Amino acid sequence: MKQFALLNQHGLDTATMVELSFKEHKKILAGLAQGKSLVDLLCMNANDPYFQTLHILCQSLSFDKAIQCADALDTVQSELKTKVLRALAYPTFLFLFSYGLILFFSRTIIPSLLTYGSSSTSMGLVRALQIGYTIVFFLLLLLIFGFVCRHWIPFIQKKMDMLPLFSSIDHYSFSLIWTALLENGCSTQSCIQMMTKMKTTKIMAMHIQSGLEMGLSLWDALHNEFGKDPLFMRCIQLGMHSSNLLHILPIYQSRVLYEIQTRIKKYILFVQLFAYTSVAILVLVFYQVLLLPLNLLQTF
């Protein structure tokens, strides 16, 4: 799509641009010959967030601006997702590895060694670790499920927004999309309307749009949705008073991104300490269990 947009700036005909830019150019050209819209043909992959966004933007923006805006949104959202996943990859692996190690030792090795004797304390510690890890594991699954499904189910999003990390990510994404739309010449009203059709911002934008339709001012509608985020509302207030919202929102984004990274670092530290402590306890328990046969031999 970026290559197609670049070629479009040089005044080439549509058939040439399609042929040079897309692998399935014959299928697209055949659709054009049948009178189908170029935007509909390019956005046939409805499951791809990029093309979903592009199709929505093309309804209000020119094709060039829609591509530029979709690229900007895709870039910032991909960067945020990459940063979050990269930060969580190691502690998540460490947690799963420790959990698997505890399950393996508690179900295979330690029970077989305990046949040489009894150690209720050792087995009790292992079982406590196993129960603790199982509880944390299911909590993580619930968090992941809630994070993935929150954009479709308002009740889940409301509950997830009670957690500072997830509410910060949602507000950060909302401000990024709003900024990208403003940069491409959209009015505030148009921005809200387009964001009601985007998965990431749909629920928040619908609440704001509903408030506007009830006769509330933009400030009051935004306050009803983001009132618990004083920094966001302060930046909106400054942007409205100075008519410079486009340059105020990045200030909010930089602050919130720092807070998101700080919260993620705290989570990483907690997971690492929890995993290292658990593995250390498991090693000590395993060492005690290994000594059981030797203790029995000494008694004889």
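See the structure printed just above.
To start, this report covers the structure provided alongside it.

Reading the values: the criteria
Residues numbered from 1 in each chain as written. Predicted model: local features only at pLDDT ≥ 70, side-chain atom pairs only at ≥ 80, totals over all residues. Heavy atoms only, no water. Helix = DSSP H or I, 4+ residues; strand = E, 2+ residues; numbered from the N terminus. Buried < 20%, exposed > 50% of the residue type's maximum accessible area, 1.4 Å probe, protein only. Contact = heavy atoms within 4.5 Å. Areas by Shrake-Rupley, 256 points an atom, 1.4 Å probe, with all protein chains shown as cover. Axes fitted to C-alpha atoms, helices over the stretch in contact; angles between N-to-C directions. Parallel < 35°, antiparallel > 145°, perpendicular 65-115°, else oblique. Nonpolar A, V, L, I, M, F, W, Y, C, P; charged D, E, K, R; others polar. Expected span 1.5 Å × (residues − 1). Core = buried A, V, L, I, M, F, W, Y, C linked by side-chain atoms within 4.5 Å. Left-handed = near helix turned anticlockwise from the far one by under 90°.

On a plain count of helices and strands, the protein comes out with 14 helices and zero strands. Counted from the first residue to the last, the protein has its helices and strands arranged as α-α-α-α-α-α-α-α-α-α-α-α-α-α. Per-residue burial over the protein gives 40% buried out of 300 residues. In the protein, 54% of the contacts between residues at least 6 apart in sequence involve partners at least 24 apart. Accessible surface computed for the protein: about 17400 Å², of which carbon and sulfur atoms make up 64%.

Where helix α9 (residues 164-183) meets helix α11 (residues 202-213), the axes come as close as 10 Å, and the angle between the chain directions of the two elements is 70°. By the angle class used here, α9 and α11 are roughly perpendicular. Note on element contacts: α11 touches α9 through Met204, Ala205 and Ile208, opposite Asp170, His171 and Phe174. Its residues assigned to classes, the contact of α9 with α11 shows four nonpolar, one polar and one charged.

Over its 12 residues, α11 runs 16 Å from end to end, which matches the ideal 16 Å to within 8%, given 1.5 Å per residue. The inward-facing, buried residues of α11 abut α8 (154-160), α9, α10 (188-195) and α12 (218-226). Just beyond α11, the residue with positive phi is Gly215, at close to 100°.

With that settled, consider the nonpolar core. For soluble globular proteins, nonpolar side chains are generally found buried alongside one another. With 62 residues, the main nonpolar core has Leu54, Phe174 and Trp178 as its most contacted residues. Not counting residues up to four positions away in its chain, the partners in contact with Leu54 are Met1, Cys43, Ala66, Ile67 and Ala70. Counting 12 residues, the second-largest nonpolar core is a separate cluster that includes Ile102, Leu129, Ala275 and Leu282.

In this section: the packing of α10 against α11. Closest axis-to-axis distance for the α10/α11 pair is 8 Å, and the angle between their directions is 130°. As the angle between them shows, α10 and α11 are arranged oblique. α11 is crossed by α10, and the crossing has left-handed handedness. Residue-level inspection shows Gln189, Ile192, Gln193 and Met195 of α10 in contact with α11, the latter providing Lys202, Ala205, Ile208, Gln209 and Leu212. Its residues assigned to classes, the contact of α10 with α11 shows five nonpolar, three polar and one charged.

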